[in-house]
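One letter stands for each residue in the lines below.
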Amino acid sequence: MKAIAVYPSKREVEIVNHEEPKVARPNEVKLRMLEAGVCGTDKEICAFQYGTPPANFDYLVIGHESLGEVIEVGRAVTRVKVGDLVVPMVRRPCPHASCMACTSGHQDFCFTGDFQERGIKEMHGFMAEFVVDDEKYMNPVPKELRDVAVLVEPLTIAEKALTQVWQVQQRLPWSCAVEPGKAQAHCHRALVLGAGPVGLLGAMALVNNAFDTFVYSREAAPNPKSALLESIGAHYISSEKVAVEELSKVIGNIDLVYEATGASSLSFAVMNALGTNGIFVFTGVPGRKGPIEVDTDLLMRDLVLKNQVVFGTVNAGRDSFENSIRDVGIFAQRWPDAVRALITGRFPMEAHRDLLLGRPEGIKNVIKLG
Ligand SMILES: [Zn+2]
Ligand SMILES: [Zn+2]
């Protein structure tokens, strides 16, 4: 079968003829892959920054944002049936019995770092015609989400972040007064850094929780992303118009910052704008570009005197996938045009070079696999 793979040793990205996987164990399912989304992680793997082939392979089949259709099930499978649409999870547990996270099914919090990730670390990914995997990593998706379900995996980043925000903020009186017809965060203001797919999906999740949501990005407005954000009730702020120092004047007390740029200097500058009792979430992984100057006295003063929290989050567990499937459905009903606009185009496997190695236009590009 055909698959898109990267050869780190040869520094090449190409379509390979990969052996079609077979259901070999009673708890396995076989998927015909329908689509895979292209993201920054895939591009970084294709720039040979990371990405590790499985043992005994000199290439890694990439792809971790996907949608598949179940075409065969092992005899012990109960979670899914033939014909179901599924989004598979990405990370697999480490082998260590001492890892409390992995042994309890929370490999997204793995302690040892010896986890595997499909399409990223030591396991082939989903940019292939067929995939076989354990049923426990399958997340069934309603049929009516066929056209948007490829957004489920990238939305899990925001879902996991928001779950943790509510958990952490329980430590202080952060709950808004209950108002009929309004979601729980209606008294809070959130700032998203970056208007890429992670930032835009994060903004949708925040608006859906009723945060007054602002997105801070470089491009001058109006532009297609600012229009998309206004259409869902969020506000776009261009850094060309408003400097970091002015942000809290424009927004008010910033209760939550959701970082989705991977730019550390911008992020630490914005940390100075975080409000009283605020929480700052990092999701980006910056390249190592050398040290920058940060006013640590100011940051430390604010963290203490304003009761602030800063945390980072990576990967996602089953609950985040389930929340994401629910919310992709809600977004598609609430903002059908905006959700459709997130997906820039669907392309054949043969177009992978431009999508993975070039600087393609738009928001989320999708590769059709079957
Ligand atoms: Zn991704
Ligand atoms: Zn582990």
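No experiment lies behind these values; they were computed from the predicted model shown.

Analysis parameters
Residues numbered from 1 in each chain as written. Chains lettered and ligands numbered in written order. Predicted model: local features only at pLDDT ≥ 70, side-chain atom pairs only at ≥ 80, totals over all residues. Heavy atoms only, no water. Pairing = 2+ DSSP bridges. Helix = DSSP H or I, 4+ residues; strand = E, 2+ residues; numbered from the N terminus. Donors = N, O, S within 2.8 Å, 3.2 Å for Na, K, Ca; no water. Buried < 20%, exposed > 50% of the residue type's maximum accessible area, 1.4 Å probe, protein only. Tetrahedral: all angles 85-135°; square planar, octahedral: opposite > 155°, others 65-115°. Patch = residues over 30% accessible without salt bridge, like charges linked within 9 Å, V, L, I, M, F, W, Y side chains within 5 Å. Areas by Shrake-Rupley, 256 points an atom, 1.4 Å probe, with all protein chains shown as cover. Salt bridge = Lys/Arg side-chain N within 4 Å of Asp/Glu carboxyl O. Arc of directions from axis to C-beta. Contact = heavy atoms within 4.5 Å. Polar contact = N/O pair within 3.5 Å; in protein donor to acceptor, adjacent residues only side chain to side chain.

**A short note on the sheet that holds strand E9 (residues 122-123)**
So, point 1. Pairing is mixed in the open sheet, where three strands are placed in the order E7-E8-E9. Only two strands of the sheet have a single partner each, and these edge strands are strand E7 (91-92) and E9.

**A closer look at the coordination of the zinc ion (ligand 1)**
Reference values for coordination geometry: four tetrahedral donors around a metal ideally subtend 109.5 degrees, six octahedral donors ideally subtend 90 or 180 degrees.
So, point 1. Taken together, Cys39 (SG), His64 (NE2) and Glu65 (OE) make up the full set of protein donors to the zinc ion (ligand 1), lying 2.2 Å away.
So, point 2. Of note, the zinc ion (ligand 1) draws all its donor residues from one chain, in the sequence arrangement C-x24-H-E. Of the two residues examined, His64 and Glu65, each falls in the buried class.

**Brief notes about the coordination of the zinc ion (ligand 2)**
So, point 1. Summarising the metal site, the zinc ion (ligand 2) is bound by the protein donors Cys94 (SG), Cys99 (SG), Cys102 (SG) and Cys110 (SG), whose distances to it range over 2.3 to 2.4 Å.
So, point 2. Angles of 103 to 118° at the metal separate the four donor atoms of the zinc ion (ligand 2), which places the site in the tetrahedral class.
So, point 3. All donors of the zinc ion (ligand 2) belong to a single chain; written as a sequence motif, their spacing is C-x4-C-x2-C-x7-C. With Cys94 in the loop between E7 and helix H2 (100-103) and Cys110 in the loop between H2 and strand E8 (116-118), this pair connects stretches of sequence that are 16 residues apart. No difference in accessibility class separates Cys94 from Cys110, as the two residues are buried.

**Describing a nonpolar patch on the surface**
So, point 1. Taken together, Met300, Leu303, Val304, Leu305 and Val310 make up a surface patch of nonpolar side chains, about 480 Å² in accessible area.
So, point 2. Of the residues forming the nonpolar patch, the biggest block, four residues, is contributed by helix H8 (residues 296-305).
So, point 3. Structurally, Val310 can be placed in strand E17 (residues 309-312).
So, point 4. On the basis of relative accessible area, Val310 is assigned to the partly exposed category, the value being 32%.

**Considering helix H5 (residues 224-231)**
So, point 1. Every buried residue of H5 is accounted for by Lys225, Ser226, Leu228 and Leu229. Viewed end-on, H5 has its buried residues packed into an arc of 160°, placing them on one side of the element. Along H5, the residues that are exposed and aim more than 90 degrees away from the buried face are Pro224 and Ser231.
So, point 2. Buried residues belonging to H5 abut helix H4 (197-208), strand E13 (212-217), strand E14 (235-238) and helix H10 (336-342).
So, point 3. Looking at where H5 begins, the residue whose side-chain oxygen comes 2.9 Å from the main-chain nitrogen of Lys225 is Asn223.
So, point 4. One or two steps after H5, the chain reaches Gly233, where phi turns positive at roughly 90°.

**Quick word on the pattern of salt bridges**
Once the charged atoms of two side chains with opposite charge are near each other, the side chains can pair.
So, point 1. Applying the stated criterion across every chain, the model contains 19 salt bridges.
So, point 2. Between Glu122 and Lys121 there is a salt bridge, and its shortest N-O distance comes to 3.7 Å.
So, point 3. The exposure class of Glu122 is partly exposed, given its relative accessible area of 30%.
So, point 4. Between Arg340 and Asp337 there is a salt bridge, with the nearest N and O atoms lying 3.5 Å from each other. Here Asp337 and Arg340 lie together in helix H10, a separation of three residues that amounts to about one turn.

Read these as layout, nothing more, since geometry by itself doesn't imply function.
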